[in-house]
Amino acid sequence: MRISRAWAGVGRLRGAATVGVLVVALFGGAACTGTAPGGPAAAGSAPASTGAEPTPSDATTDGPPAAPAQVPDVLRFTGTTLGGAVFDAAQLAGKPVVLWFWAPWCATCASQAWTVAEIEPRYRDTVPIIGVAGLGERKAMKEFVTEFDLGAAPQIADTTGALWKRFKVTEQSIFVIIDRNGAVVHHGFLDGEALTAKVAALAGA
């Protein structure tokens, strides 16, 4: 009886050892897979980082905005148009500009007005023609502008003669032509044909 009991005890020990080996084998196998218990990562979880720098998807290749044109000294003046609006010549920087100094009673100015009225709309965006009226009353200046249909172009009322003095204009009609770099390239009289040719050349330059 004692021997049978001893063998029974040994059998129980072997059974327990076998169960223990099986448990260890199961847990050991799970650890070798590299996946946490519970299976693959849940959907929607963040992927593992690769260490690479993120690349913006909305990156732009456009360069910096163009710098505004520098205002030359010759265009650093303001005035008031015959319509009462403030005129700042600085807005013309970077373009060739024609300043036309006229008087309302001047017959030569009247003959040139037809040419100015004809070509000004055509070159308004490339070579602005700005009238500078002087040596007269505002009422007479407005009548001149109406008669020759010059109202679309800025017409500065220089009743005090300040701009005429600034540009050393001593008689009418005088054209002062300024190139896109701010250099005065003409100061004097021009007939209609010569004015048209100069403005066309500046527009194509």
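None of these values were measured; they are calculated from a predicted model.

Considerations on the overall build of the protein chain
Alright, step 1. Of the regular secondary structure elements, the protein chain holds 5 helices and 7 strands.
Alright, step 2. Here the analysis covers contacts within the protein chain between residues at least 6 apart in sequence; of these, 71% occur between residues at least 24 apart.
Alright, step 3. Accessible surface for the protein chain amounts to roughly 13300 Å². Of this, 59% is attributable to carbon and sulfur atoms.

As for the confidence of the model for the protein chain
Alright, step 1. This prediction gives the protein chain a mean pLDDT of 78; 67% of its residues lie at or above 70.
Alright, step 2. The low-confidence segment residues 1-61 (pLDDT under 50) makes 2 contacts with residues lying over four places distant or belonging to another chain.

Re the nonpolar core
The nonpolar side chains of soluble globular proteins are, as a tendency, buried together.
Alright, step 1. Residues Val98, Trp100, Trp102, Phe144, Leu150, Leu195 and Val199 are the most contacted members of the largest nonpolar core, which totals 27 residues.
Alright, step 2. Of all the elements, helix α2 (residues 107-119) adds the most residues to this core, at 5 residues.
Alright, step 3. Look past the residues within four positions of Trp102 in its chain and what remains in contact with it is Cys109, Gly131, Val132, Ala133, Gly134, Met141, Phe144, Val145, Gln155, Trp164 and Gln172.

Some details on the environment of Arg166
Alright, step 1. By the element assignment, Arg166 lies in helix α4 (residues 162-166).
Alright, step 2. For the pair formed by Arg166 and Val74, sequence separation is 92 residues and the distance between their alpha carbons is 9.2 Å.
Alright, step 3. Apart from residues lying up to four places away in sequence, Arg166 is in contact with Asp73, Val74, Arg76 and Phe77.
Alright, step 4. A polar contact is formed between the side chain of Arg166 and the backbone oxygen of Asp73, at a distance of 2.7 Å.
Alright, step 5. Engagement of the side chain of Arg166 in a polar contact is seen with the backbone oxygen of Arg76, the distance being 3.4 Å.

Considering the side chain of Thr115
Alright, step 1. Tracing the backbone through its elements, the reader meets Thr115 in helix α2.
Alright, step 2. Residues within four places of Thr115 in sequence aside, it is in contact with Gly192, Leu195 and Thr196.

Overview of the pairing of strand β4 (residues 129-133)
On any regular strand, side chains alternate: one points to one face of the sheet, the next to the other face.
Alright, step 1. Burial of β4 is extensive: 5 of the 5 residues sit out of reach of the surface.
Alright, step 2. In terms of strand pairing, strand β3 (residues 97-102) meets β4 through 5 bridges, oriented parallel. The residue bridging Trp102 from the neighbouring strand is Ala133, located in β4.
Alright, step 3. As a crossover connection, the stretch from β3 through α2 into β4 is right-handed.
Alright, step 4. Direction of pairing for β4 relative to strand β5 (residues 155-157): parallel, over a ladder of 3 bridges. Residue pairing in the sheet places Gly131 in a bridge with Gln155 of β5.

A look at the packing of aromatic side chains
Alright, step 1. This structure, assessed with the given rule, holds 9 aromatic pairs.
Alright, step 2. Measuring from ring centre to ring centre gives 5.8 Å for Phe101 and Phe167, while their planes differ by 50°; the resulting arrangement is tilted. Remark: Phe167 occurs in the loop between α4 and β6 (174-178) and Phe101 occurs in strand β3; sequence separation between them is 66 residues. Accessibility classification places Phe101 together with Phe167 in one group, the buried group.
Alright, step 3. On the basis of an interplanar angle of 50° and a centroid distance of 4.8 Å, the ring pair of Phe144 and Phe148 is categorised as tilted.
Alright, step 4. Residue classification places Phe148 among the buried positions, given a relative accessible area of 5%.
Alright, step 5. Counting every residue linked through ring pairs, the aromatic cluster contains Trp100, Trp102, Trp114, Phe144, Phe148 and Phe175.

Cut-offs and rules
- Sequence order as written defines residue numbering, which begins from 1 separately in each chain.
- Given that this is a predicted model, residues contribute local features only at a pLDDT of at least 70 and side-chain atom pairs are listed and counted only at 80 or more, while totals for whole chains, interfaces and linings are drawn from all residues.
- The basis for every side-chain value is the complete set of heavy atoms in the structure, and neither hydrogens nor water enter the calculation.
- The way it works is that DSSP assigns letters per residue, a run of H or I at least four long becomes a helix, a run of E at least two long becomes a strand, and they are numbered from the N terminus.
- Contacts between residues were defined by any pair of non-hydrogen atoms, one from each residue, lying within 4.5 Å.
- Areas reported as accessible are Shrake-Rupley estimates using a 1.4 Å probe. Residue values count occlusion only from the protein chains shown.
- pLDDT: the predictor's confidence for each residue, scored from 0 to 100.
- In plain words, nonpolar cores are sets of buried Ala, Val, Leu, Ile, Met, Phe, Trp, Tyr and Cys residues tied together by side-chain atoms within 4.5 Å.
- Note on classification: 1.4 Å probe, protein chains only; a residue is buried when its accessible area is under 20% of the maximum for its type, exposed when over 50%, partly exposed between these limits.
- Throughout this description, a polar contact denotes any pair of N or O atoms lying within 3.5 Å of each other; where both atoms belong to protein, one of them has to be capable of donating a hydrogen while the other can accept it, and for residues adjacent in sequence the pair is counted only when both atoms sit in side chains.
- Strand pairing follows a simple DSSP-based rule, namely that at least 2 bridges must link the two strands.
- When the strands point away from the viewer, a crossover counts as right-handed if the route from the first strand across the helix to the second turns clockwise.
- Pairing of aromatic rings covers Phe, Tyr and Trp, the last counted by its six-membered ring, and requires centre-to-centre distances within 6.5 Å; plane angles under 30 degrees mean stacked, over 60 mean edge-to-face, and any other angle means tilted.

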